[in-house]
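Chain residues, written in single-letter form:
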Amino acid sequence: MRTSMGLIDDKNSDPTLERHFKGHRDTVTSVDFSCNMKQIATGSMDSCVMIWNMKPQMRAYRFDGHKDAVLSVHFSPSGHLVASASRDKTVRLWVPSMKAESTVFRAHTATVRSVNFSGDGQTLVTASDDKTIKVWTTHRQKFLFSLNQHINWVRCAKFSPDDRLIVSSSDDKTIKLWDKNSRECIHSFYEHAGYANYVDFHPSGTCIAAASTDNSVKVWDIRSHKMLQHYQVHSGVVNSLSFHPAGNFLITASSDSTMKVLDLVEGKLLYTLHGHQGPVTCVAFSRTGEYFSSGGSDEQVMVWKSNFDCVEFSDGVRLQHKTASSSQTPTATSTTHFPLNSHTSVLPLSDMLFLSYTSPSSFLCLVPILSCLLFFLQTVSILEQRLTLTEDKLKECLENQMEIGLHLQRSEEA
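For every chain, the first residue of its written sequence is number 1, and the numbers climb from 1 along that sequence. With the structure being a predicted model, the display of local features is reserved for residues of pLDDT at least 70 and the display and counting of side-chain atom pairs for 80 or more, all residues being used for whole-chain, interface and lining totals. Side-chain numbers here rest on the full set of heavy atoms in the structure, without hydrogens or water.

Per an unreviewed UniProt entry, the chain goes by the name POC1 centriolar protein homolog A and belongs to Astatotilapia calliptera. UniProt positions are given in the numbering used here, feature names are shortened, and annotations may be inferred rather than shown by experiment. According to the UniProt record, the Sequence similarities (unreviewed entry) comment for the chain is "Belongs to the WD repeat POC1 family."

Structure, rendered in structure tokens:
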């Protein structure tokens with residue numbers, strides 16, 4: 001296969017199917033990797049949570065407990081817990097071992113569609129058909145607060161990488177960005193043709209991506225509120241998506257039975273993956289990005305090897321393709337260059353940044369650096385404010401001491 005960069009010419013550099021699991025009795029709705037890549041958690045319409053062990057000789061664990069479809073699963077950052085959200089209005093926290101120990105709490109008054117751990121693992125955010133988003137403590141599942149501005153079912157809610165923001169998507173055709181501390185909605189992105197089934201933060205925390213029922217994928221800048229990219233590559237509803245941990249790639253899952261690998265740096269479609277018989281309902285990269293997993297209406301869970309690697313280019317470090325160790329079927333099919341136009345252009349990351357359309361390769365490559373720089377500048381600004389306050393207080397104290405001294409001196413003279 002020849003990439004658009006023309007630097008690699010090897011038919012084995014495509015993503016390859018490593019393993020597939022079958023144990024669910026209905027559509028697989030959600031998939032997630034543990035942090036150490038030893039386990040995969042899946043939820044299904046069959047009301048079960050399953051834990052698949054990556055070692056071939058180890059058996060899978062089947063967890064029964066929910067009384068209706070399981071719509072979302074998520075590993076805690078430590079890998080010691082798995083959270084599951086269900087149509088039975090509850091959330092369960094499982095210990096992913098043979099004992100299948102779990103605690104359950106009634107989280108909402110309607111179907112719970114999404115559950116997500118914060119980056120520190122201390123809190124959970126849930127989204128529901130009762131039109132609310134709720135935040136809970138992981139320990140003892142104490143309710144903290146609710147976010148209530150959506151006017152229809154809430155499909156998905158996620159914490160930002162720094163845990164300061166929450167993003168949510170709803171059937172009311174909005175994607176809302178929330179400040180976790182103030183509990184205020186700080187911006188609403190509007191979908192016009194459909195609604196977002198799934199939404200997530202870019203690893204840098206500066207962008208969000210939404211998988212929409214209008215068959216498209218959109219990437220938004222959360223600071224300038226501009227749409228950065230708009231991909232119209234699927235012929236069916238887009239059900240799920242996942243960012244590669246390095247931030248340069250996005251994988252999407254669709255009811256058109258395919259997955260697409262998108263190059264966010266170049267703004268193009270790289271691969272179309274075939275494997276599932278029927279709609280692909282969920283997809284997730286592993287924590288390192290070395291693998292990704294998918295689930296579908298065919299009741300199968302597939303594990304793919306990404307075969308992405310870092311290659312040094314003259315204009316910086318960029319993720320590119322790496323020759324696979326083996327070629328198995330089904331594999332990804334290479335695609336033609338997806339043209340950059342008004343719907344797929346790479347826009348400036350922010351008006352205050354020097355990035356421009358003439359340098360699309362800079363997009364997202366510099367995002368982590370710029371994010372750190374902005375955070376540093378904000379920190380310096382806060383420190384300057386505190387220093388000014390301290391100086392003012394010190395000046396006030398000195399003036400008071402001088403007044404007291406003068407007063408004492410006058411008293412003695414009198």
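A few words now on the overall build of the chain. Here a strand is any run of E in DSSP of at least two residues, a helix any run of H or I of at least four, and the numbering for each starts at the N terminus. Of regular secondary structure, the chain possesses 1 helix and 31 strands. Three labels apply to residues, based on accessible area from a 1.4 Å probe with only protein chains included: buried if under 20% of the type maximum, exposed if over 50%, partly exposed otherwise in between. Per-residue burial for the chain yields a buried fraction of 55% across its 414 residues. The contact criterion used is simple: two residues touch if any of their non-hydrogen atoms lie within 4.5 Å. Restricting the contact set of the chain to residue pairs at least 6 apart, pairs at least 24 apart contribute 47%. Approximately 18,800 Å² of the chain is accessible, and the part contributed by carbon and sulfur atoms is 53%. Computed with the Shrake-Rupley method and a 1.4 Å probe, the accessible areas treat only the protein chains shown as cover for residues.

The 4 strands lie next to each other as β6-β7-β8-β9, forming an open sheet whose pairing is antiparallel. Edge positions in the open sheet fall to β6 (70–75) and β9 (102–106), since each of these has one partner strand only. Strand-to-strand twist across the sheet, computed as the mean angle between neighbouring axes with direction ignored, equals 20°. Sheet analysis places strand β7 (residues 82–86) next to strand β8 (residues 90–94), joined by 4 bridges and oriented antiparallel. Paired with A83 across the two strands is L93, which belongs to β8. Whether two strands pair comes down to DSSP finding at least two bridges between them. Every angle, taken between N-to-C directions, lies between 0 and 180 degrees, and every axis is a line fitted to C-alpha atoms, over only the stretch in contact when it is a helix.

Stacked, edge-to-face and tilted are the three classes for Phe, Tyr and Trp ring pairs, Trp counted by its six-membered ring, which pair at centre distances within 6.5 Å; planes under 30 degrees apart are stacked, over 60 edge-to-face, the rest tilted. The tally for this structure, following the rule as stated, stands at 8 aromatic pairs. Each ring, one from F285 and one from F292, has its centre 5.6 Å from the other, and the planes form 70°; the classification is edge-to-face. Arranged with centres 6.0 Å apart and planes meeting at 10°, the rings of F292 and W304 form a pair that is stacked. Taken together, the positions of F292 in strand β27 (residues 291–296) and W304 in strand β28 (residues 300–305) put the pair 12 residues apart, joining distant regions of the chain. Take W304: its relative accessible area is 0%, and that puts it in the buried class.

Here we come to the pairing of strand β19 (residues 207–212). Most of β19 is tucked away, with 6 of its 6 residues classed as buried. Side chains of β19 alternate between two faces, with C207, A209 and A211 and I208, A210 and S212 buried alike. In this antiparallel pair of consecutive strands, strand β18 (residues 196–201) and β19, the connection spans 5 residues, and G205 shows a positive phi of 80°. Linking β19 back to strand β20 (residues 217–221) in an antiparallel pair, the connection comprises 4 residues, with N215 at a positive phi of about 75°.

Another aspect to go through is the pattern of salt bridges. One speaks of a salt bridge when a side-chain nitrogen belonging to Lys or Arg is within 4 Å of a carboxyl oxygen belonging to Asp or Glu. Scanning all chains against the criterion turns up 9 salt bridges. The residue R155 makes a salt bridge to D171 at a minimum N-O spacing of 2.7 Å. A residue pair is termed long-range when its members are at least 10 positions apart, and R155 in strand β14 (residues 154–159) and D171 in the loop between β15 (165–170) and β16 (174–179) qualify at 16 residues. Between K218 and E191 there is a salt bridge; the shortest N-O distance is 2.9 Å. Linking K218 in strand β20 with E191 in the loop between β17 (184–190) and β18, this pair joins segments that are 27 residues apart in sequence. Exposure remark for K218: the relative accessible area of 7% places this residue in the buried category. Among the residues examined, E191 registers a relative accessible area of 3% and is labelled buried. It is possible to trace a salt-bridge network through shared partners that takes in E191, D214 and K218.

Within a sheet, each strand pairs with its neighbour through backbone hydrogen bonds, oriented either parallel or antiparallel. Read from one edge of the open sheet, 4 strands run β2-β3-β4-β5, paired in antiparallel fashion. Each having just a single partner strand, β2 (28–33) and β5 (61–63) make up the two edges of the open sheet. Mean inter-strand twist for the sheet, computed between neighbouring axes without regard to direction, equals 20°. The sheet contact formed by strand β3 (residues 39–44) and strand β4 (residues 49–53) spans 5 bridges and is antiparallel. For T42, the partnering residue across the bridge sits in β4 and is M50.

Here the focus is the UniProt feature "repeat: WD" (unreviewed entry) in the chain. According to UniProt, the "repeat: WD" (unreviewed entry) feature falls on residues 21–62, 63–94, 105–146, 147–188, 189–230, 231–272 and 273–305. As annotated, residues 63–94 has a helix share of 0% and a strand share of 53%, and its two end C-alpha atoms lie 8 Å apart. Secondary structure across residues 273–305 divides into 0% helix and 61% strand, with the first and last C-alpha atoms of the span separated by 12 Å.

This part is about the confidence of the model for the chain. Per-chain confidence: the chain averages 83 in pLDDT, with 78% of residues scoring 70 or above. Values of pLDDT, the confidence the predictor places in each residue, fall between 0 and 100. Contacts for the low-pLDDT stretch residues 1–12, under 50 throughout, to residues beyond four places or in other chains number 30 contacts. Contacts from residues 310–361, a stretch scored under 50 in pLDDT, to residues over four places away or in other chains number 144 contacts.

Okay, the nonpolar core next. Among the buried residues, those of types Ala, Val, Leu, Ile, Met, Phe, Trp, Tyr and Cys that are joined through side-chain atoms within 4.5 Å form a nonpolar core. Counting residues in each nonpolar core, the largest one holds 29 residues, and the members touching the most others are I175, I208 and L250. Elements that contribute at least two residues to this core include exactly β15, β16, β18, β19, β20, β21 (227–231) and β22 (238–243). Top contributing element to this core by residue count: β19, with 5 residues. In terms of nonpolar packing, the next biggest core, distinct from the first, is built from 16 residues, I251, M259, V280 and M302 among them.

Structurally, Q229 is set in strand β21. On the basis of relative accessibility, which here comes to 1%, the residue Q229 falls in the buried class. A 3.5 Å cut-off defines polar contacts: any pair of N or O atoms within that distance qualifies, except that in protein one atom must be a possible hydrogen donor and the other a possible acceptor, and neighbouring residues in sequence count only when both atoms are side-chain atoms. Here L264 takes part through its backbone oxygen, which lies 2.9 Å from a polar atom of the side chain of Q229.

For patch detection, residues must exceed 30% relative accessible area and be free of salt bridges, and they are connected within 9 Å for like charges or within 5 Å for nonpolar side chains (Val, Leu, Ile, Met, Phe, Trp, Tyr). Note that His is not counted, nor are the chain ends; the positive residues are Lys and Arg, and the negative ones are Asp and Glu. Working definition for charges: the position is that of NZ of Lys, CZ of Arg, CG of Asp or CD of Glu. The grouping of E391, D392, E396, E399 and E403 at the surface amounts to a negative patch. With respect to the helices and strands, the residue E403 is situated in helix α1 (residues 367–413). Owing to a relative accessible area of 55%, E403 belongs among the exposed residues under this scheme.

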